[in-house]
Amino acid sequence: MTLNDLPSLELDAFTAIEAALDEATLRDVEVQLLGKKGSVTGLVKSVAEAPKEERAELGKRSNLLKKAVTEAIDARRSHLRDAAIRRELDDRTFDITLPGTVPAAGTLHPLTLVQERLEEIVTAMGFTVLDYPEVEDEWHNFEALNIPADHPARDSHDTFWLHPREHKLLLRTHTSPGQIRAMKETVPPFRALFPGKVFRYEAVDASHEHTFHQIEGLFVDRDVSVANLIHAMTVMLGQIFSATVEQSEPKRARTAANVKVRLRPGYFPFVEPGFELDMSCLLCGGTGCKVCKQSGWVETLGCGLVHPSVLRAAGLDTAEWQAWAFGIGLSRIVMMQYGIDDIRHLMGGDLRFLRQFR
Ligand code: FA5
């Protein structure tokens, strides 16, 4: 090709591009111009064989033409795409009277609802809500709480250990390690509450889960007493149940008046004296069912005066400071409140179950 051929080639190329009325035709034009055997490609290749005196000029102009053709094809393609979208929108008929899609609204989990209510009640009593890790070390979970390696109390805390075992890390078996952490990091006197998930490698049934929720409370002061502890427990449980009377169906069972509690001595190595508090089973009204194991009572919380060796492990001077603590089985409180007859529903993730708690 020579310089003389350029104007007609240029004219043909731009005419063909403008004449393409859809993307498929434009693709064919692109091949005819810029493909391996395309006319513009041929022009660029022919530069090497052009007469010497024309070569530089032909090289420059053929490269400029190639660039201009490429840009014209891109511009035409985006024009055709826009036009196609516009045409589709114009053709489509919208019925603006049709109802829209209602977005699915999430709901708070019943555990969250009760936890928030409990936090509200105890913060009004001067407690601060704290958060501690679910992965704990052996010292905080056991040793600092007076439960050495050979202690029989470890049997009731079947533990999920993390690998490698030498690191002595575990999934906390209760919220009580928070007692040590709170006492180490807070200047007494103080009142703290730490809710959270706990884990035990144990057989699952209607009232036992391997992953469940507890709420731990700790009260550190100069002069604390069992009477004070029992009073706080009674007020807390009374308020939590009176608060949900309106929400629970059937209302019959879950009223504050129907909640009976019984306190009995309980053994926990980290408190002395220790107590366990049971609640009358609101699912069966005390007559016996699978949740209360036919006893009419549900084990609800453990509590007591914090053992002096635990206070010492956390660095407190036992001549000056005393404390009481409680650990509530939040999952069981939720079951009693909403009449849930199997603990496995709570962490099962079934939306049909969860949507009931709007
Ligand atoms: C403890 O976990 C103690 N840390 C509680 C405590 C704190 C005592 C502070 C004294 C002072 P226990 O293992 O009993 O104790 O558990 C406390 C509550 O958690 C029980 O009363 C029960 O309501 C609940 N619970 C225990 N095991 C399970 C389980 N597998 N599934 C569901 N709830 C459980």
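1. Section: the site of the ligand
Inspection of the region around the ligand gives 25 residues, with His-174, Ser-176, Arg-200, Glu-202 and Glu-299 positioned closest. Between His-174 and the ligand, the recorded distance is 2.9 Å, taken from a side-chain N or O atom to a nitrogen atom. One of the backbone N or O atoms of Leu-301 is found 3.4 Å from an oxygen atom in the ligand. Within the complex, the protein chains bury 96% of what would otherwise be the 680 Å² of accessible surface of the ligand. Counting residues per element, the ones that place at least two in the shell around the ligand are strand S5 (211-221), strand S8 (297-306) and strand S9 (322-329). At 5 residues, S8 tops the list of elements feeding residues into the shell around the ligand. Partitioning the shell around the ligand into residue classes produces 9 nonpolar, 10 polar and 6 charged.

2. Digging into the pattern of salt bridges
Scanning the entire structure with this criterion turns up 19 salt bridges. Across the pair Asp-74 and Arg-77 runs a salt bridge, and its minimum N-O distance is 3.6 Å. Of the two residues, Asp-74 and Arg-77 are both situated in helix H4 (residues 52-91); the distance of 3 residues between them amounts to about one turn of the helix. Residue classification places Asp-74 among the partly exposed residues on the basis of a relative accessible area of 43%.

3. Some thoughts on the confidence of the model for the chain
Summing up the model confidence of the chain, the mean pLDDT is 91 and the portion of residues at 70 or higher is 96%. Low pLDDT (under 50) marks residues 244-253, which in the prediction has 13 contacts with non-local residues, meaning those over four places away or in another chain.

4. Some remarks on the pairing of strand S7 (residues 271-280)
Where burial is concerned, most of S7 is hidden: 8 out of the 10 residues are buried. Where strand S6 (residues 261-265) and S7 come together, 5 bridges link them in antiparallel fashion. By the bridge assignment for S7, Pro-265 is matched with Phe-275. Connecting S6 to the next strand, S7, in antiparallel fashion are 5 residues. Looking at chain direction, S7 and S8 are connected through 8 bridges and run antiparallel. By the bridge assignment, Glu-276 is partnered in S8 with Gly-302.

Calculation rules
- Residues numbered from 1 in each chain as written.
- Predicted model: local features only at pLDDT ≥ 70, side-chain atom pairs only at ≥ 80, totals over all residues.
- Heavy atoms only, no water.
- Near = heavy atom within 4 Å.
- Polar contact = N/O pair within 3.5 Å; in protein donor to acceptor, adjacent residues only side chain to side chain.
- Areas by Shrake-Rupley, 256 points an atom, 1.4 Å probe, with all protein chains shown as cover.
- Helix = DSSP H or I, 4+ residues; strand = E, 2+ residues; numbered from the N terminus.
- Nonpolar A, V, L, I, M, F, W, Y, C, P; charged D, E, K, R; others polar.
- Salt bridge = Lys/Arg side-chain N within 4 Å of Asp/Glu carboxyl O.
- Buried < 20%, exposed > 50% of the residue type's maximum accessible area, 1.4 Å probe, protein only.
- pLDDT = per-residue confidence, 0-100.
- Contact = heavy atoms within 4.5 Å.
- Pairing = 2+ DSSP bridges.

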